[in-house]
Amino acid sequence: MTTLSTDILAELEKQAIELPSWAFGNSGTRFKVYGTPGTPRDPFEKIADAAQVQKYTKLAPSVALHIPWDKVSDYSELRRFAQDHGVELGTINSNTFQDDDYKFGALTNEDPAVRRKAIDHHLECIEIMNQTGSRDLKIWLAEGSNYPGQADIRGRQDHLQESLQEIYAQIGDDQRLVLEYKFFEPSFYHTDVPDWGTSYVQVAALGDKALVCLDTGHHAPGTNIEFIVMQLLRLGKLGSFDFNSRFYADDDLIVGAADPFQLFRIIYEVIRGGGYGNPDVAFMLDQCHNVEDKIPGQIRSVLNVQEMTARALLVDTAALTAAQKSGDVLAANAVFMDAFYTDVRPALAEWRESRGLAGDPMAAFAASGYLATIAEERVGGTQAGWGA
């Protein structure tokens, strides 16, 4: 059995992966949202479910909120509830894509009244951050156009920068603005923040507390995502990850499901660039569990990230550097492949048990009966889901 050195285990101790509250609500395709027994009915129940992932893995110490989906009357109460369940409140995500006023854009809209409304929403999110103790305000914009000539694509960039400047001015000393990008959907001719370069240009103009969020599902097929990771780390502008997996587009599937080798390569570049164990680079999941149970889906996801991190830490960097410098193509590739093909699962199970955790968190959670309990208890009310 492969053994993991004490140095690697010490590195794995640093791992923390934030969970998205919305992953515990109902979701589906663009055609249908599916209901599941026991689905949370409010943010408190979402946090209780997220706490189960932390309980069985010790990999998920915080939960990201989405506003207005997770609005409550007392955020101090929600924060205490989270802490009582062994987790903290994390990133605050804004939402400017489910209001009729934002049909033609929010922060980029030609109408100054609509832009004002969108800016005020983000200022509200910052006030929520002040109450929850959250560091990051994450902004994803479903903005753009569907037809050539429909929009002034240059003018929209100017509107975006002006809007972001006003939001950024209210970010606290210990807070950050993180701008996510996505190359298409729901805008199909042009998207206002379609790639890492546009996000980088926008946040670079704001200041040091503005960074880029990289969602692993938000790229065209064939994109070398680890190259983008390298560049953003090199530029000091990689603020966070949204980990998920895709076969075709923004599928939001369990991370590592489609291409575990890609996840391995990404994490290697994070380690190579000094982003691993670095509080300035946040790891978060952004997934929707449509056909699988949500809590086990999140458990499987964080375990996938942990496994690929362990494999990436096994790369013999001295041998890799020597092969690269000597131009030995096959030797360099073999160093990578040897680490990737190493089965670290038994060693990770043994390590978990040494820390008082179940060697198989998936099986331990299934045996707990938690899913049956919440299915029985959460009757009545409205299940949380997209837009709820």
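Chains are numbered independently. Their residues run from 1 in the order of the written sequence. The predicted origin of the model limits local features to residues at a pLDDT of at least 70 and limits the giving and counting of side-chain atom pairs to 80 or more, whereas totals for whole chains, interfaces and linings rest on all residues. As a rule here, side-chain values cover all heavy atoms of the structure and leave hydrogens and water aside.

Draft legend 1. Fine view of the overall build of the chain. The helix and strand tally for the chain stands at 14 helices and 12 strands. C-alpha atoms define the radius of gyration in this analysis, and the globule rule sets the expected value at 2.2 Å times the number of residues to the power 0.38. Since a compact globule built from 388 residues should have a radius of gyration of about 21 Å, the 21 Å found for the chain is in line with a globular shape. Its C-alpha atoms put the chain at 65 × 60 × 40 Å along the principal axes. Sequence-distant contacts in the chain: of pairs separated by 6 or more residues, those separated by 24 or more amount to 79%. As displayed, the chain offers around 16900 Å² of accessible surface, 51% of which is attributable to carbon and sulfur atoms. Neither His nor the chain termini are counted; the positive set is Lys and Arg, and the negative set is Asp and Glu. Throughout, a charge is located at the NZ atom of Lys, the CZ atom of Arg, the CG atom of Asp or the CD atom of Glu. A gap of 1 Å separates the mean positions of the 34 positive and 55 negative side-chain charges of the chain. The secondary structure listing takes helices from DSSP runs of H or I that are at least 4 residues long and strands from runs of E that are at least 2 residues long, numbered from the N terminus. We call two residues in contact when some of their heavy atoms are within 4.5 Å. For the area figures, the Shrake-Rupley method with a 1.4 Å probe applies, and any residue is considered shielded solely by the protein chains shown.

Draft legend 2. Up close: the packing of aromatic side chains. Only Phe, Tyr and Trp rings take part, Trp by its six-membered ring, and two of them pair if their centres are within 6.5 Å. Stacked means planes under 30 degrees apart, edge-to-face means over 60, and tilted covers everything else. In this structure the tally under the stated criterion is 16 aromatic pairs. Each ring, one from Phe-241 and one from Phe-283, has its centre 5.5 Å from the other, and the planes form 75°; the classification is edge-to-face. Here Phe-283 lies in strand 12 (residues 282-285) and Phe-241 lies in strand 11 (residues 238-243), a separation of 42 residues in the sequence. For the pair Phe-241 and Phe-283, a shared accessibility class is recorded, and that class is buried. Ring plane angle 50° and centroid distance 6.0 Å describe the contact between Phe-365 and Tyr-370, whose orientation is recorded as tilted. Tyr-370 matches Phe-365 in its accessibility class, with the two residues each being buried. Chaining the aromatic ring pairs together yields one cluster made of Phe-261, Phe-264, Tyr-268, Phe-336, Phe-340 and Tyr-341. A positively charged side chain is recorded as over a ring if its NZ (Lys) or CZ (Arg) lies within 6 Å of the ring centre. The angle to the ring normal must also be within 35 degrees. Taking NZ or CZ as reference, Arg-265 lies 4.7 Å from the ring centre of Phe-261, over its face. Taking NZ or CZ as reference, Arg-355 lies 4.2 Å from the ring centre of Trp-351, over its face. Accessible area is worked out with a 1.4 Å probe on protein chains only. A residue is then buried under 20% of its type maximum, exposed over 50%, and partly exposed in between.

Draft legend 3. Examining the sheet that holds strand 1 (residues 17-20) more closely. With parallel pairing, the eight strands of this closed barrel are ordered in space as 1-4-5-6-8-10-11-12. Each strand axis lies, on average, 30° off the axis of its neighbour in the sheet, ignoring direction. Note on pairing: DSSP must find at least two bridges between two strands before they are called paired. Where strand 6 (residues 136-139) lies against strand 8 (residues 176-180), four bridges are found, and the strand directions are parallel. Pairing of Ile-139 across the sheet is with Leu-179, part of strand 8. Against the sheet, helix 6 (residues 196-204) makes contact with strand 8 and strand 10 (210-215), and its axis sits at roughly 160° relative to strand 10, the strand it touches most. To get an axis, fit a line to the C-alpha atoms, keeping to the stretch in contact for a helix; angles then go from 0 to 180 degrees between the N-to-C directions.

Draft legend 4. Summary view of the layout of surface pockets. Approximately 390 Å³ is the volume found for the second largest pocket. Think of a 1 Å grid over the protein atoms and nothing else: a 1.4 Å probe that fits but is trapped marks a cavity, an open set flanked by protein within 12 Å on at least five of seven lines marks a pocket, and residues with an atom within 4 Å of a point count as lining. In terms of lining, the second largest pocket is formed by 21 residues, of which the most central are Ala-16, Pro-279, Val-281, Ala-282 and Phe-283. The greatest single-element share of the lining of the second largest pocket, amounting to three residues, is contributed by strand 5 (residues 88-93). Here the term charged refers only to Asp, Glu, Lys and Arg, the term nonpolar to Ala, Val, Leu, Ile, Met, Phe, Trp, Tyr, Cys and Pro, and the term polar to all other amino acids, Gly among them. Residues that form the lining of the second largest pocket fall into these classes: nine nonpolar, eight polar and four charged. Grid points are joined across faces, edges and corners, and a volume is the space filled by probe spheres set on the points.

Draft legend 5. Quick look at a negative patch on the surface. Put simply, a patch holds well-exposed residues, over 30% relative accessible area, that have no salt bridge, with like charges counted together within 9 Å and Val, Leu, Ile, Met, Phe, Trp or Tyr side chains within 5 Å. Here, a salt bridge means any Lys or Arg side-chain nitrogen found within 4 Å of an Asp or Glu carboxyl oxygen. On the surface, a cluster of negative charge is made up of Glu-110, Asp-152, Asp-158 and Glu-162. A residue is classified by how much of its surface remains accessible, and Glu-110, at 46% relative accessible area, is partly exposed.

Draft legend 6. Representation of the nonpolar core in the model. Leu-4, Leu-12, Leu-177, Leu-214, Val-229, Phe-241 and Phe-283 are the most contacted members of the largest nonpolar core, which totals 98 residues. Here the element with the most residues in this core is helix 9 (residues 294-313); it accounts for nine residues. With sequence-adjacent residues up to four places away left out, Phe-283 is seen in contact with Gln-15, Ala-16, Ile-17, Glu-18, Phe-241, Phe-243, Val-270, Tyr-276 and Val-305. Joining through side-chain atoms within 4.5 Å is the link that ties buried Ala, Val, Leu, Ile, Met, Phe, Trp, Tyr and Cys residues into a set, and such a set is a nonpolar core.

Draft legend 7. View of the pairing of strand 6. Burial along strand 6 is two-sided: the residues Asp-136 and Lys-138 and Leu-137 and Ile-139 are all buried. Summarising the sheet, strand 5 and strand 6 pair through two bridges and their orientation is parallel. For Ile-92, the partnering residue across the bridge sits in strand 6 and is Leu-137. Crossover handedness is defined by viewing with both strands directed away from the observer: a clockwise path from the first strand over the helix to the second marks the crossover as right-handed. Between the parallel elements strand 5 and strand 6, the chain passes through helix 4 (residues 112-132) in a crossover that is right-handed.

Draft legend 8. Inspection of empty space enclosed by the protein at higher detail. Considering all chains together, one arrives at one cavity of 30 Å³ or more under this definition. Estimated volume of the largest cavity: approximately 50 Å³. Every residue lining the largest cavity is listed: Glu-18, Thr-91, Asp-136, Lys-138, Val-178, Ser-240, Phe-241, Asp-242, Ala-282 and Met-284. Contributing elements (two or more residues each) for the lining of the largest cavity: strand 6, strand 11 and strand 12. No other element matches strand 11, which puts three residues into the lining of the largest cavity. Grouping the amino acids of the lining of the largest cavity by side-chain chemistry returns four nonpolar, two polar and four charged.

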